[in-house]
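# Examination of the molecular architecture
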Amino acid sequence: MTARPALPRARFQMPRSVIAPVLAMVVLFSAYLATAAPDLTFWDATELVTAARTLGIPHPPGTPLWVLIAHVVSKAFSNTGPARAVTLLSVLASAWVGGVGAAMLQRWIGSRGAVVGAVVAGTMTTVWSNATETEVYAVSLLFSALMLAAGEFAGRPGVADHARQRARALVVFIAALAVPLHLSVLVALPAALVFAWAGPRVRLIDVVGWGALGLLGLSAVAVLPLLYAAGPELASGHPDSLLALAAVLRREQYDVAGLLPRMAPIWLQLGNVFEWADWQIAFGVHPFPTPSVPRTMLTLSFVWLAALGLRAVWRHEARVGRAMAVLLFCGTAGVAFWLNMRAGPTFGGSFIPPGAVHEARERDYFFVLGFWSWGLLAGAGLAAISASIAKRLPAPIAALPLLIGAVPLVANRTVMDRTREPIASLPRTYARLLLDAVPQRGVLLAAGDNDTFPLWYLQQVEDYRPDVTVVTVPLLGATWYREALAERRLLPPEAVRTWPGLEATLRAVMVHATDDGRDVRVSALLSRIDRDRVDRTQGWALQGLVYAPSATTAPGAIALDASALARAREQLPRSALAPIPAGADAAVAQMQALLRCTQVQRFDDPLLVSSCNAP
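Presented here is an overview of the structure given in this document. Values in this document were obtained by computation on a predicted structure and should not be read as measured data.

In terms of helices and strands, the chain carries 27 helices and 6 strands. With respect to the principal axes defined by its C-alpha atoms, the chain has extents near 90 × 80 × 55 Å. Each of the 615 residues in the chain was classed as buried or not, and the buried ones make up 53%. Counting contacts in the chain only where the partners sit at least 6 residues apart, residues at least 24 apart contribute 72% of the total. Total accessible area on the chain stands at roughly 27,100 Å², and carbon and sulfur atoms take up 64% of it. Both charge centroids of the chain, one from 51 positive and one from 41 negative side chains, sit 13 Å from each other.

Moving on, we come to the state of the cysteines. Applying the stated criterion across every chain yields a total of 1 disulfide. There is a disulfide in this structure between Cys 597 and Cys 612, and the S-S distance comes to 2.1 Å. Residues Cys 597 and Cys 612 share a disulfide whose torsion about the S-S bond is about -120°; that sign makes it left-handed. On the criterion of sequence distance, the pair formed by Cys 597 in the loop between helix 26 (586-595) and helix 27 (607-610) and Cys 612 in the segment after helix 27 is long-range, its members being 15 residues apart. Here Cys 597 matches Cys 612 in class, with each residue buried.

It is worth spelling out the packing of aromatic side chains at this point. Considering all chains together, one arrives at 11 aromatic pairs under this definition. Between Tyr 32 and Trp 128, the ring centres sit 6.5 Å apart and the planes meet at 65°, which makes this aromatic pair edge-to-face. Linking Tyr 32 in helix 1 (residues 16-35) with Trp 128 in helix 6 (residues 125-131), this pair joins segments that are 96 residues apart in sequence. Each of the two residues, Tyr 32 as well as Trp 128, counts as buried.

What follows deals with the pattern of salt bridges. A complete count under the given rule lists 23 salt bridges for this structure. The residue Asp 278 makes a salt bridge to Arg 295 at a minimum N-O spacing of 2.9 Å. Taken as a pair, Asp 278 in the loop between helix 13 (266-277) and helix 14 (293-316) and Arg 295 in helix 14 lie far apart in primary sequence, 17 residues in all. Using a relative accessible area of 0% as the deciding quantity, one classes Arg 295 as buried. Ionic pairing is found between Asp 516 and Arg 441, a salt bridge with its closest N-O pair at 3.3 Å. Of this pair, Asp 516 sits in the loop between helix 23 (502-515) and strand 3 (520-523) while Arg 441 sits in the loop between helix 19 (426-436) and strand 1 (443-446), and the two are 75 residues apart along the sequence. Overall, Asp 516 belongs to the partly exposed group, its relative accessible area being 25%. Three or more residues are tied together by salt bridges with common partners; here these are Arg 107, Glu 152, Arg 156, Glu 317 and Arg 319.

It is worth spelling out the environment of Leu 377 at this point. Assignment of secondary structure puts Leu 377 in helix 16 (residues 368-390). Relative accessible area serves as the criterion here: at 2%, Leu 377 is assigned to the buried category. Sequence spacing of Leu 377 and Met 324 is 53 residues, and the spatial spacing of their C-alpha atoms is 8.2 Å. Setting aside chain neighbours within four positions, we find Leu 377 in contact with Leu 305, Ala 306, Gly 309, Leu 310, Val 313, Met 324 and Leu 328.

Another aspect to go through is helix 4 (residues 82-109). An ideal rise of 1.5 Å per residue puts 40 Å on 28 residues; helix 4 measures up with 41 Å between its terminal C-alpha atoms. The buried fraction of helix 4 amounts to 22 of the 28 residues, a majority that puts the element mostly inside the structure. Residue Gly 110 follows helix 4 closely and has a positive phi angle near 100°.

A word on the environment of Trp 338. Here Trp 338 shows up in helix 15 (residues 318-339). Considering only alpha carbons, one finds Trp 338 and Gly 258, 80 residues apart in sequence, at a separation of 8.0 Å.

Along its 20 residues, helix 1 runs 30 Å from first to last C-alpha, staying within 8% of the 28 Å computed at 1.5 Å per residue. Every buried residue of helix 1 is accounted for by Ala 20, Pro 21, Ala 24, Met 25, Leu 28, Ala 31, Tyr 32 and Thr 35. For helix 1, the arc enclosing every buried residue in end-on projection is 135°, short of the 170-degree limit, so these residues lie on one face.

If you look at the biggest cluster of nonpolar residues, it comprises 164 residues, and the most contacted ones within it are Trp 66, Leu 148, Trp 372, Leu 445, Tyr 547 and Leu 595. For this core, the element with the most residues is helix 4, which contributes 12 residues. Among all residues touching Trp 372, those that are not within four sequence positions of it are Val 97, Gly 101, Met 104, Ala 121, Gly 122, Val 127, Leu 141, Ala 145 and Leu 148. Residues Ala 264, Leu 268, Phe 347 and Ile 352 belong to the second largest nonpolar core, which totals 5 residues.

Counting buried positions along strand 5 (residues 546-550) yields 4 of 5 residues, so the element is predominantly enclosed. As paired strands, strand 3 and strand 5 are joined by 2 bridges and run antiparallel to one another. Along strand 5, the bridge assignment pairs Val 522 with Tyr 547. Of the strand pairs in this sheet, strand 4 (residues 539-542) and strand 5 are connected by 4 bridges, and their pairing is antiparallel.

Bringing the pairing of strand 2 (residues 469-472) into the picture now. Side chains Thr 469 and Val 471 of strand 2 all project onto a buried face; the interleaved residues Val 470 and Thr 472 project onto the opposite face, where all are buried too. Examined bridge by bridge, strand 1 and strand 2 share 4 bridges and lie parallel to one another. Among the inter-strand pairings, Leu 444 is bridged to a residue of strand 2, identified as Val 470. Handedness of the β-α-β unit built from strand 1, helix 20 (residues 453-460) and strand 2 comes out right-handed.

A few words now on a nonpolar patch on the surface. Taken together, the side chains of Leu 259, Leu 260, Ile 266, Trp 267, Phe 337, Trp 338 and Phe 351 make up a nonpolar region of the molecular surface, amounting to roughly 850 Å² of accessible area. Elements with a minimum of two residues in the nonpolar patch: helix 13 and helix 15. For Ile 266, a relative accessible area of 38% puts it in the partly exposed group.

Next up on the list: the side chain of Gln 538. Locating Gln 538 in the fold gives a position in the loop between helix 24 (528-534) and strand 4. Residue Gln 538 is classed as buried on the basis of its relative accessible area of 14%. Here Asp 535 takes part through its side chain, which lies 2.7 Å from a polar atom of the side chain of Gln 538. Among the polar contacts listed, one links the side chain of Gln 538 to the backbone nitrogen of Ala 551, at a separation of 3.2 Å.

With that out of the way, let us pick up unusual backbone geometry. A cis amide bond links Pro 60 with the next residue in sequence, Pro 61, at an omega value of 15°. Following Leu 260, the chain continues into Pro 261 via a peptide bond in cis, with omega recorded as -5°. Its location among the elements puts Pro 261 in the loop between helix 12 (242-249) and helix 13. Within the chain, His 238 stands out as a residue other than glycine whose phi angle is a positive 45°. Turning to its location among the elements, His 238 is positioned in the loop between helix 11 (223-229) and helix 12. The backbone phi angle of Asp 463 is positive, close to 55°, even though this residue is not glycine.

Cut-off values and rules
- Residues numbered from 1 in each chain as written.
- Predicted model: local features only at pLDDT ≥ 70, side-chain atom pairs only at ≥ 80, totals over all residues.
- Heavy atoms only, no water.
- Helix = DSSP H or I, 4+ residues; strand = E, 2+ residues; numbered from the N terminus.
- Buried < 20%, exposed > 50% of the residue type's maximum accessible area, 1.4 Å probe, protein only.
- Contact = heavy atoms within 4.5 Å.
- Areas by Shrake-Rupley, 256 points an atom, 1.4 Å probe, with all protein chains shown as cover.
- Lys, Arg positive; Asp, Glu negative; His and termini not counted.
- Charge placed at Lys NZ, Arg CZ, Asp CG, Glu CD.
- Disulfide = S-S within 2.5 Å.
- Phe/Tyr/Trp six-rings, centres within 6.5 Å; stacked < 30°, edge-to-face > 60°.
- Salt bridge = Lys/Arg side-chain N within 4 Å of Asp/Glu carboxyl O.
- Expected span 1.5 Å × (residues − 1).
- Arc of directions from axis to C-beta.
- Core = buried A, V, L, I, M, F, W, Y, C linked by side-chain atoms within 4.5 Å.
- Pairing = 2+ DSSP bridges.
- Right-handed = clockwise from strand over helix to strand, strands pointing away.
- Patch = residues over 30% accessible without salt bridge, like charges linked within 9 Å, V, L, I, M, F, W, Y side chains within 5 Å.
- Polar contact = N/O pair within 3.5 Å; in protein donor to acceptor, adjacent residues only side chain to side chain.

Take a look at the structure:
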């Protein structure tokens, strides 16, 4: 018999143009996935998880497009757990950002430099931090990167006119989507326009088409009233009318600063940006806010590399150099000027008067696009050095400078790891114990994000202790929030129509809850001043994570409820009080300090004043 000739094997060969982007994505995805939060985290993350899982409306501006995307992703990865599933959206989006960045760099500096630049950019601490928890900024950064890529393509020489027109239209469409997603996307718009500013003149028909696309993108804000009509428990802003919708989108419930007067001197605001920049390259070398010689020297080295990279891409194509310079400026100094923020919690020192108001938390995440562009340019600088050496030395030796691009990956790996204990489990532990400290049908007066959002998650997503009503004191000034409390019979109608002031509102909550037979507890995180405003006729007894009204205690004084404190100590896992790893978010230390309130046994315990807001 004659043997059949062997059939040729089908071979898949990856196009060379996608090797660098895919490699960058794989490296970054692996780093993010290994360090991503396994469960809840503090600040906005748990509120956003709740919104994604329940199709609710998070705090203004509501981010309806993010909610829809996160809801779909959370369903796709539901077997990983509710919180982890939504966090995977940040992991995936940030990895894709690396791929988009590598694709752009590849054209300017070659494949090896593209991978290095994308990895440097993706392992900046702010980019990495956003990639490993539930946050809007990872998806926002992806949309910014896509806008930049579309603009860069539109401005290339030799691109066909119809392709250029489609790319420009995509820039407009993504810019419009910034409103329903997050306005931080627009930080990339000036650079995208500089990228795209080449080719034939714009025609009137193009402008009309862009306008239609812009309206289509903006129409996604209509999701907010549709979500509200479905009656979710998390419904910030109550966008049930055009005026209410506009108020949510404009964030009217917050005291948003204008450009003038400045909330701090401009030099101090820029100095704050430099502080956060010093954390980006090698925070693990010195994981504290203050500068150090080794860490700051590495920071300055990467600033120099970025300058070399900017020169290299400018020499490649002046249009690219101009756009990257605009991107770097807009993402750093431009954001600082526009947002007009106070000094960060750890910045200012003797330059700020004692008692001056600082930002509630570090705001480096607003500058993520600037730090990401810095990383791209630093990678381009390393590629330029490598190319220069290759002219005189063998290729293996010339490639050695590219290894410097691994510095942020190696130096930041440990401090960016959210799987470390007690960081990984502390938010859930704290939230459960705080809810358990409230009697059945009780009312808990909370101080802000970190003693509110994790509780909402447990109640609305996991149906744990939904009988407790959490009243967030900083939200009482918002009419929509007082309306929600009035529906729960915790405020009279007149307190909704006219703001009676914080003290009168807190007293009204106390009176209505008591009249309804509901016990009131006050979070130990709430300030002593606000606690006394709740009821000035009696004192308060510390029960661990909460204070309870005490008729046997003098007004303004505190007592120790020994039996409640003993129960709280028994419920607290000892692992929750384990040492906090260096470099952890300050909120972790603050909330662990509150857990230590359960350990108080004497009035002379310094924890009473330092952690438990006792007088």
